[in-house]
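Architecture and fold: a report
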Amino acid sequence: MVSNKTIKMMQKKSLSKLFKKSHILIVIFIIIPLISILTMIGLISPNNKRIKGNPSSFDPIGQYETIKQFAGGDDLKLGSIEAKYVKRDGTLDLYAKYKPNVTYEFYKQMKIKKNKDMPFGTENSNIKYKVVTVKITKPYHFETWSHLPGRTKAIFHLGMFKKSYNIFVQPKTSKRPNCSFKKIWDNVIEIEKDIPQNTVAIIDYKDDQFTFQIKNRSSHYKFDANGSLIK
């Protein structure tokens, strides 16, 4: 005679298999056709891409090279990384209701042909730089983004979206950070041992420095690119 425990286990396995099959069917018959339609009408572009790995545990430093390649490749130099609501393990849950997100900014010097008829000091006679911004946010939702000064555009966000524009002033760049967000968090916990377990932080990286802060708390620290506290 089959025990109740065995029956329950069999039911759980059946439900698990059913869930997996339904998940595959949703992707095949709903998500893929939807993405195709949105691409055709211009709401999805080559500048829009799915995030690699699990969006509920996105690692901004661990995914750095993937983001850089999506932005344009090895010729780009890092400007900054801005991460809102980083958990203690150094990752972000992009599905969370409090809207975690990461913004990367890269720069590239552009080679432009000078027009001999244009005087020095005009845009045509100066070196220009391409700025590429990559935003990481919750996958599969509509979002309004500013793509030109004073203009906005609705996009269907797949999770990773980039835009670019040109500037004529040489930007400040940063070297690739040699430290994970988890290490930054660990260093802060060593200083403040009473931080609640479910706390999230804002961590920025710019000018070869990390800035760590927690909203509604006086926690504010700076670290160098290797994760050492700047006193």
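Focus: the overall build of the protein chain
- Looking only at helices and strands, one finds 3 helices and 10 strands in the protein chain.
- Shown N-terminal to C-terminal, the secondary structure of the protein chain runs as helices and strands in the order α-β-α-β-β-β-β-β-β-α-β-β-β.
- Put simply, the protein chain has 231 residues, and 35% of those count as buried.
- Excluding contacts between residues fewer than 6 apart, the proportion of contacts in the protein chain whose partners are at least 24 apart in sequence is 63%.

Section: the pattern of salt bridges
- Counted according to the given criterion, the structure contains 6 salt bridges.
- Among the ionic pairs, Glu192 bridges to Arg217, the shortest N-O distance being 2.9 Å. Within this pair, whereas Glu192 is found in the loop between helix H3 (181–191) and strand S8 (201–206), its partner Arg217 is found in the loop between strand S9 (209–213) and strand S10 (220–224), the two being separated by 25 residues in sequence.
- Residue Glu192 is classed as buried on the basis of its relative accessible area, which comes to 12%.
- One connected set of salt bridges, linked through shared partners, spans Glu192, Asp194 and Arg217.

Digging into the nonpolar core
- Of all hydrophobic cores here, the largest spans 36 residues; its most connected members are Ile81, Tyr104, Val134, Ile136, Ile203 and Phe212.
- Elements with a contribution of two residues or more to this core: helix H2 (64–71), strand S2 (77–86), strand S3 (101–110), strand S4 (128–136), H3, S8, S9 and S10.
- In this view, Ile136 contacts Ile51, Phe58, Ile67, Leu94, Pro100, Asn101, Val102, Tyr104, Gly159 and Met160; residues no more than four positions away in its chain are not counted.

What about the pairing of S2?
- Across the 10 residues of S2, 7 count as buried, placing the element largely inside the fold.
- Bridge count between S2 and S3: 7 bridges; the pairing is antiparallel. Across the sheet, residue Glu82 finds its bridge partner in S3, namely Thr103.
- Pairing geometry for S2 and S8, over 6 bridges, is antiparallel. Across the sheet, residue Glu82 finds its bridge partner in S8, namely Asp204.

Things to note about the packing of aromatic side chains
- Across all of its chains, the model carries 6 aromatic pairs by this definition.
- Each ring, one from Tyr85 and one from Tyr98, has its centre 5.7 Å from the other, and the planes form 90 degrees; the classification is edge-to-face. Taken together, the positions of Tyr85 in strand S2 and Tyr98 in the loop between S2 and S3 put the pair 13 residues apart, joining distant regions of the chain.
- The exposure class of Tyr85 is buried, given its relative accessible area of 18%.
- Over the ring of Phe70 we find Lys162; its NZ or CZ atom is 4.9 Å from the centre of that ring.

Focus: the sheet that holds S2
- Pairing is antiparallel in the open sheet, where 8 strands are placed in the order S1-S7-S4-S3-S2-S8-S9-S10. This sheet does not close on itself; its edge strands, each paired only once, are strand S1 (48–50) and S10. Shown here is a sheet whose adjacent strand axes are inclined to one another by a mean of 15 degrees, direction ignored.
- Bridging between S8 and S9 involves 5 bridges; their strand directions are antiparallel. Of the residues in S9, the one forming a bridge with Ile203 is Phe212.
- Running at roughly 50 degrees to S3, H2 makes contact with S1, S2, S3, S4 and strand S7 (159–167) of the sheet.

The rules we used
Residues numbered from 1 in each chain as written. Predicted model: local features only at pLDDT ≥ 70, side-chain atom pairs only at ≥ 80, totals over all residues. Heavy atoms only, no water. Helix = DSSP H or I, 4+ residues; strand = E, 2+ residues; numbered from the N terminus. Buried < 20%, exposed > 50% of the residue type's maximum accessible area, 1.4 Å probe, protein only. Contact = heavy atoms within 4.5 Å. Salt bridge = Lys/Arg side-chain N within 4 Å of Asp/Glu carboxyl O. Core = buried A, V, L, I, M, F, W, Y, C linked by side-chain atoms within 4.5 Å. Pairing = 2+ DSSP bridges. Phe/Tyr/Trp six-rings, centres within 6.5 Å; stacked < 30°, edge-to-face > 60°. Lys NZ or Arg CZ within 6 Å of the ring centre and 35° of its normal. Axes fitted to C-alpha atoms, helices over the stretch in contact; angles between N-to-C directions.

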